[in-house]
Amino acid sequence: TLEKFDEFADIAEKNFKLNNFSNINLIRGDANKQSKTLKNKFDFIFLDGNKENYLNLFKITIKKMNKKGIYIVDNIFNQGDSLNKKAKTNKGEGVKKLLKYIQSKKNLTCTLLPIYDGLLIIKKN
């Protein structure tokens, strides 16, 4: 897992230890930089954070997902802004760009869970 902010990284590490998740490696730093250095393939990727940069992060990290892996994008509705004809915020525009890109990819299957602010579950075909 990548976490930019120390406060949240500390909380995550504490929760991993409390729940015996010794197989999770937390990397502190900005996902834009750190994701480019990752060498392993992953079974699970959860994208949440810098919505303005969702598309770029997705393009980098989807290449690092195992063929049978699961990719989840959080806040896909972005409080409804990504559903507007024209997004009103940079975050909404970032999510819209990601959605448009994903729709153009025939090798991806998506399932939308309309819970809270929307979860998009993605699998490679």
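Residues numbered from 1 in each chain as written. Predicted model: local features only at pLDDT ≥ 70, side-chain atom pairs only at ≥ 80, totals over all residues. Heavy atoms only, no water.

Some details on unusual backbone geometry
- Of note in the backbone geometry, Asn20 takes a positive phi value of approximately 55° without being a glycine.
- As for its placement among the helices and strands, Asn20 is situated in the loop between helix H1 (6-18) and strand S2 (27-28).
- For Tyr116, which is not a glycine, the phi torsion comes out positive at approximately 50°.
- Turning to its location among the elements, Tyr116 is positioned in the loop between strand S5 (108-113) and strand S6 (119-124).
- Accessibility expressed as a relative area gives 79% for Tyr116, which makes it exposed. (Helix = DSSP H or I, 4+ residues; strand = E, 2+ residues; numbered from the N terminus. Buried < 20%, exposed > 50% of the residue type's maximum accessible area, 1.4 Å probe, protein only.)

A closer look at the packing of helix H3 (residues 54-62) against helix H4 (residues 90-103)
- Interaxial distance between H3 and H4 falls to 7 Å at its minimum, and their mutual angle equals 40°. Comparing their axes, H4 and H3 come out oblique. Seen from H3, the contacting residues are Tyr54, Leu55, Phe58 and Lys59; seen from H4, they are Gly94, Val95, Lys97, Leu98, Tyr101 and Ile102.
- By residue class, the composition of the contact of H3 with H4 is 7 nonpolar, 1 polar and 2 charged. (Axes fitted to C-alpha atoms, helices over the stretch in contact; angles between N-to-C directions. Parallel < 35°, antiparallel > 145°, perpendicular 65-115°, else oblique. Contact = heavy atoms within 4.5 Å. Nonpolar A, V, L, I, M, F, W, Y, C, P; charged D, E, K, R; others polar.)

Observations concerning the pairing of strand S3 (residues 42-47)
- In terms of strand pairing, S3 meets strand S4 (residues 65-74) through 5 bridges, oriented parallel. Opposite Phe46, over in S4, you have Ile72 as the bridge partner.
- In this fold, S3 hands off to H3, which returns the chain to S4; that crossover is right-handed. (Pairing = 2+ DSSP bridges. Right-handed = clockwise from strand over helix to strand, strands pointing away.)

Remarks on the layout of surface pockets
- In this model, the largest pocket occupies a volume close to 1100 Å³.
- Going through the elements one at a time, strand S1 (2-3), H1, helix H2 (31-34), S3 and H3 are the ones with two or more residues in the lining of the largest pocket.
- It is S3 that contributes the most residues to the lining of the largest pocket, 6 residues altogether.
- Its residues placed into classes, the lining of the largest pocket shows 14 nonpolar, 10 polar and 8 charged.
- Taken together, Ile76, Phe77, Ser82, Leu83, Lys96, Leu99, Lys100, Ile102, Gln103, Cys110, Leu112 and Leu120 form the lining of the second largest pocket.
- Of all the secondary structure elements, the ones that give two or more residues to the lining of the second largest pocket are H4 and S5.
- Take the lining of the second largest pocket: its biggest share by element is 5 residues, from H4.
- The residue makeup of the lining of the second largest pocket, split by class, is 8 nonpolar, 2 polar and 2 charged. (1 Å grid on protein atoms, 1.4 Å probe; cavity = no way out; pocket = protein on both sides within 12 Å on 5 of 7 lines; lining within 4 Å. Points joined across faces, edges and corners; volume = space filled by probe spheres on them.)

Topic: the pattern of salt bridges
- Enumeration over the complete set of coordinates arrives at 5 salt bridges.
- The salt bridge involving Lys4 is made with Asp30; its shortest N-O contact spans 3.4 Å. Of this pair, Lys4 sits in the loop between S1 and H1 while Asp30 sits in the loop between S2 and H2; the two residues are 26 residues apart in sequence, bridging distant segments of the chain.
- One salt bridge in this structure joins Arg28 and Glu13, with 2.8 Å as the shortest N-O distance. On the criterion of sequence distance, the pair formed by Arg28 in strand S2 and Glu13 in helix H1 is long-range, its members being 15 residues apart.
- Judged by relative accessible area, Glu13 falls into the partly exposed class, the value being 30%.
- Because the salt bridges share partners, they merge into one network encompassing Asp6, Asp10, Glu13 and Arg28. (Salt bridge = Lys/Arg side-chain N within 4 Å of Asp/Glu carboxyl O.)

Shape is all these values report; function is a separate question.
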